[in-house]
There are 2 protein chains.
Amino acid sequence: MSQAKPVLITDVALRDGHQSLIATRMRTEDMLPVCAELDAIGFWSLEVWGGATFDACVRFLKEDPWERLRKLREALPNTKLQMLVRGQNLLGYRHYADDVVEAFIKKSAENGMDIFRVFDAMNDVRNIETAVGAVKKSGKHAQGTICYTTSPVHTTAKFVQQARDMVNMGVDSIAIKDMAGLLTPSATSELIAALKQEVSVPLALHSHMTSGLAGLCQLKAVEAGIDIIDTAMSAFANGTSHPATETMVAALKGTDRDSGLDLPALQSIATQLWEVRKKYHQFESEFTREDVGVQINQVPGGMMSNLANQLKEQGALHRIGDVFAEIPAVRKDLGYPPLVTPTSQIVGTQAVMNILADKRYTTITNEVKRYLQGHYGAAPAAVDKDLRALAIGSEDVIDVRPADLISPELKKLREDIGALAKSEEDVLTFAMFPDLGRTFLSEREAGTLVPEVLEPIGQGGSRPVTEG
Amino acid sequence: MSQAKPVLITDVALRDGHQSLIATRMRTEDMLPVCAELDAIGFWSLEVWGGATFDACVRFLKEDPWERLRKLREALPNTKLQMLVRGQNLLGYRHYADDVVEAFIKKSAENGMDIFRVFDAMNDVRNIETAVGAVKKSGKHAQGTICYTTSPVHTTAKFVQQARDMVNMGVDSIAIKDMAGLLTPSATSELIAALKQEVSVPLALHSHMTSGLAGLCQLKAVEAGIDIIDTAMSAFANGTSHPATETMVAALKGTDRDSGLDLPALQSIATQLWEVRKKYHQFESEFTREDVGVQINQVPGGMMSNLANQLKEQGALHRIGDVFAEIPAVRKDLGYPPLVTPTSQIVGTQAVMNILADKRYTTITNEVKRYLQGHYGAAPAAVDKDLRALAIGSEDVIDVRPADLISPELKKLREDIGALAKSEEDVLTFAMFPDLGRTFLSEREAGTLVPEVLEPIGQGGSRPVTEG
Ligand SMILES: [Co+2]
Ligand SMILES: [Co+2]
C-alpha cells in the first residue's frame, strides 16, 4: 500500500443507523437540519432510504416516503443518495411482479435516488436481475450484494462466484452485507483479498457491530484494499448498528487510506444527532447493544430476541436453548440459507415448532412449504429430500426464477387503489403495503394523518467525570 | 506469525471498567457472585484494585478496601490479581514518603495482590523506583508503565528509552497506558514493533475506547506481537472504558494469537454483569460515551467535561473554545507533561485562568509553581524559562527525585490516627486520605458506616427487534 488510495465512506445514519437502534423512527424533520453539513463532508454516498424506512414512514410516522426522498434530494444536492432494495421484494415482504419492480426503481430514480444496493436473502442472483436492470435503464448506479453467512457451502470461492455472476449482470459495484455481524477480522482479510483479485468493480463492506467486530473487520478490509466502508455518525453507531464514522475516519488519518474527511466537521454533526437521538428514547432497547452471541451459535441477535419473545408468549421460554440448537439443524435441512428477512423468520418459526411439538416437522409452516417448492429462489445447497417429500409430497418444485410465475400486477394495483392515489408513487406505496398503504392514503385524503406520539424527554442526569 | 502465541488477557471490569463508566461505584457484593466463573476463565490477570477504587470504597461505599482485597483473593484463588498504583502517589493525590510507599506495597502483597502496575504522570521513572523496589522485595510482579501521549518530544525513541530504563530498574513487564485514547492503529503498530525490538520483558497494552479506536489499536498491537491486552467484560466495556473482552476473544478466535478463552463462559459472566450494571444507573453519564474529540485537539475527554463544568460555574462556558486552544500552549510551557491525574488538573486550571484573566499567567496556581520547582519530577521537555522566572523568581528548583525531600512519615501517621487504627492497613487507609480515612475509621468504630443510597431500578423498556 505505498500509493495513497483514500477509502470512500457511505454514512448510513439516516437509514440503517436509526433502523438498527431506534426502530427506524427518525423523522424527516430531524434529518433536514443536518443535511447542509452532511452534504459538505464529501461522503461517497449517504444511505437515506429503503430497508424498513418506507414501512416505518407509512406505518408509524405518517410521512409520505416519497416526499421524504424529494426533501432529502433537495437538501443534499452534492452527495449521492443510496437506498437498500430487497431484490424482487423491493421494500415489502413478498416477491412482486417485474412491472412493479421496474416502476418502483424508475420512480425512485426520478425522485432522486443515485445508488441502489440490491440484495436477495438467498443470494440467488436471479432475484436481483430485474431490479439491477431497471437501475441501469434509469442510468443509475447498481450495487450487487453478497449476503455474508457461514456454512459448509459458503466458501470464499462461492462468494467470489456470486460476485462474478453479478459483474456479468452489469452491476457497478459489489457490497458485502454482513447483517448479523458474523465476519471476523481474519475472515474479512481472506474474503476481500479474494474478491479484489477476481473482480474489478469497487467493493463495499457493510458489517453490523452486533458482535463488536465490525470496526476490526473494516480495518482489515481497508488493508486488503476495500474501496468503500459503511459507517454511521456516532450518535447512531455501534451496538447493532455500524462502526462510528468519526472513529473510522480518525483510525485512518495520516495513513495512505486516509479518507480525507474533516473530523471537526463530522463532530459538529454528531453533536446535533446526539440531541436528535434523545427525542426517540422510548425506542431504545437492551437488544440493540453489542452481544457476541452470534459468534458463538451463528444465530443473529435480532432473531434471538424475536424467538425469545415468541417463546415467552407461549410460556415456553425455558426451551430457548433447544430452539437455538434446532436452528442450525433446520437451516441445514433447508440448504443453508443466509439468515436475514425473510429466511430468518422462516427458519426460526419452524425451529420453534419442531421443539414445542417434541417431534421435528410434525407441523410444517406454509412458508417452509413454499420455500421447499422453490418460491424464494434456489437454496445455496441441496435441501433435505425426505423433508421436501414430507412437506410437499408430489407437488411441483419450480426451478425458474420465482417472479417468472408472477403476472404483471401494476394495472390491477392501480385500479384497486383508484382515486386515493394521486400519483404513480402513491400506487407503489399501496403496492408495497396493501393494508397500510390504503390506510395511509385514505387518512391523507381525509386530512387525518397523525404520527405516533413521542414520550417527552426526561431530565437526563450528568455527573462530573474523573480520569486517570 | 507462523507460530501460535496466545494473546494474554487482563480483564479490568472490576477496576477500570466501573471506574470509567459508573464512577467507581461497584460494590464488593456485586463482584463476588461472578468470581468463581471469572476464576475459571484463564485470564492472565484480573485488575480489581487500586486506581480510584480505594477512594470510592472509603468515600462512598463505606467499605474497607483491604477487606475487599481479601475477599477477592479468597474468591479468585487461581487468578493473578492486579492493581494500578500511581507511583509515589500510591492511591492518593500527593507524593508520599518512601516508608509509606514501602509499607503500602508490602501490605497489598500480603493481602493478596500479585501484579502491581506502577505509573508516574510525568513518566519520570524515578517516581516509580520505590514502589517497584518494594514490589520486588515482596516477591511480586512489577509492571512499569509508559503513559502514552503525543508531543514534539514524545517520539517512539523516547518511549523505548523509558522502557529500557524501567527494565534496568528490574520491572517484570511493561504496560503502555493510553489513558486518553490517543493511540491510532498505525501509531500502535510502530510503537509496539519498536518496543518488541528493544525490550524482552512482556508488553501490555492498556488503551481506553474514548475515541473508539482502542479495539483497532489492540488488533494492530496483537499483529505486532504484543503479549497482553487489557479488556473489560462487555457490561463494563466501550465508551470511556476498554474494548470488550468477548469481542477481542472472538476477533482472535482461530488465529495464531487465539486467546483460547471460552466465549460461552465469558458470555455467561457478561449477562450477570449487565444486570449488576443496572443497579448503578444513577451513575451513568453522557460523558462516558465514545467521543472522537481527543483525536482532534489532544485534550482527554474527562478533562474536557471537567473544564466545561468549571467554566459553567463561573458563567464563562462561552470561553471553552479559547480554553481548549490554551491547553496545548500551557502544556508546551510546562514541557509537555502527559495529561493524566494530576497533570491534567494542573494544566487545565492554569489554562482557564489564562483565558478568564484575558492575560496569560496574571495569576499562577500554586500547583504550577510547585511543578516548575520540580516537585512533580522532571518534565519531559524543558519548561519555559520566562514562565519559571515569573512564577518562582529565584526560588530553588530541585533536580532530585521529589520524594528524596520527604521525611519518613509513617510513624507520625500511626500516632495521629491512634487507636482508631486496628491494623497497619488502617494506618495506610488514613495515610491515603487523611480526612476521609479518619471519618471512615471513626464511623466504623461507632458502627455508623452507611453506604450512599442507590436509586431504585426503573422499569427498563424493551421492544421487539427487526433485523435485515
Ligand atoms: Co444493515
Ligand atoms: Co485506565
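In this report, we go over the structure that sits alongside the text. (Residues numbered from 1 in each chain as written. Chains lettered and ligands numbered in written order. Predicted model: local features only at pLDDT ≥ 70, side-chain atom pairs only at ≥ 80, totals over all residues. Heavy atoms only, no water.)

## Some words on the side chain of Asp-333 of chain A
Note the cut-off: Helix and strand definitions here come from DSSP, where helices need a minimum of 4 consecutive H or I residues and strands a minimum of 2 consecutive E residues; each element is numbered from the N-terminal end. Any two residues having at least one pair of non-hydrogen atoms within 4.5 Å are treated as being in contact.
Mapped onto the elements, Asp-333 of chain A comes out in helix H14 (residues 320-333). Residue contacts for Asp-333 of chain A: discarding those within four places in its chain leaves Arg-360, Tyr-361, Val-383, Asp-384 and Leu-387 of chain A.

## Thoughts on the relation of the copies chain B and chain A
Here is the rule: Superposition of the copies used a least-squares fit over C-alpha atoms from residues whose pLDDT is at least 70 in both.
With an RMSD of 0.0 Å, the operation that places chain B on chain A is a rotation of 180° combined with a shift of 0.0 Å along the axis. Both copies are brought into coincidence by an operation consistent with a two-fold rotation axis. By C-alpha distance to the rotation axis, the residue of chain B lying nearest is Leu-216 of chain B, at 2.8 Å. Take the interface residues of chain B: 98% of them recur as interface residues in chain A, which is what a same-surface contact looks like.

## Thoughts on the packing of aromatic side chains
Aromatic rings considered in pairs are described by the distance between their centres and by the relative angle of their planes. Here is the rule: Pairing of aromatic side chains here covers Phe, Tyr and the six-membered ring of Trp, requires ring centres within 6.5 Å, and sorts the geometry by plane angle: under 30 degrees stacked, over 60 edge-to-face, intermediate tilted. Per-residue accessibility, obtained with a 1.4 Å probe over protein chains only, is compared with the maximum for each type, and a residue is labelled buried under 20%, exposed over 50%, and partly exposed between these values. Both a distance and an angle decide whether a charge sits over a ring: NZ of Lys or CZ of Arg must be within 6 Å of the ring centre and within 35 degrees of the ring normal.
Counting across every chain of the model gives 20 aromatic pairs over all chains. Here the aromatic rings of Tyr-371 of chain A and Tyr-376 of chain A are separated by 6.2 Å at their centres, their planes lie at 35°, and the arrangement is tilted. Judged by its relative accessible area of 3%, Tyr-371 of chain A falls in the buried class. Seen from their ring centres, Phe-54 of chain B and Phe-104 of chain B are 5.8 Å apart, and the 55° between their planes marks the pair as tilted. Of the two residues, Phe-54 of chain B is situated in helix H3 (residues 53-61) and Phe-104 of chain B in helix H5 (residues 98-110); the sequence distance between them amounts to 50 residues. Assigned by exposure class, Phe-54 of chain B and Phe-104 of chain B land together as buried. In this structure an aromatic cluster arises from ring pairing among Trp-49, Phe-54, Trp-66, Tyr-93, Phe-104 and Phe-433 of chain A. The ring centre of Trp-274 of chain B lies 3.7 Å from the NZ or CZ of Arg-289 of chain A, which sits over that ring. Note that Arg-370 of chain B overlies the ring of Tyr-376 of chain B, its terminal NZ or CZ placed 5.9 Å from the centroid.

## Quick word on the interface of chain B and chain A
One widely used convention gives an interface's size as the accessible area the parts lose upon coming together. Quick reminder of the rule: Buried area is understood as the total, over both parts, of accessible area removed when two parts are fitted together, assessed with a 1.4 Å probe. A pair is scored as a salt bridge if a Lys or Arg side-chain nitrogen falls within 4 Å of a carboxyl oxygen belonging to Asp or Glu.
Between chain B and chain A, the residue contacts involve 57 residues of the former and 58 residues of the latter. Here chain B and chain A share an interface that buries about 4,600 Å² over both sides, 55% of which is from carbon and sulfur atoms. Linking chain B with chain A are 4 salt bridges, by the criterion used here. The shortest N-O distance in the salt bridge between Glu-286 of chain A and Lys-278 of chain B comes to 3.1 Å.

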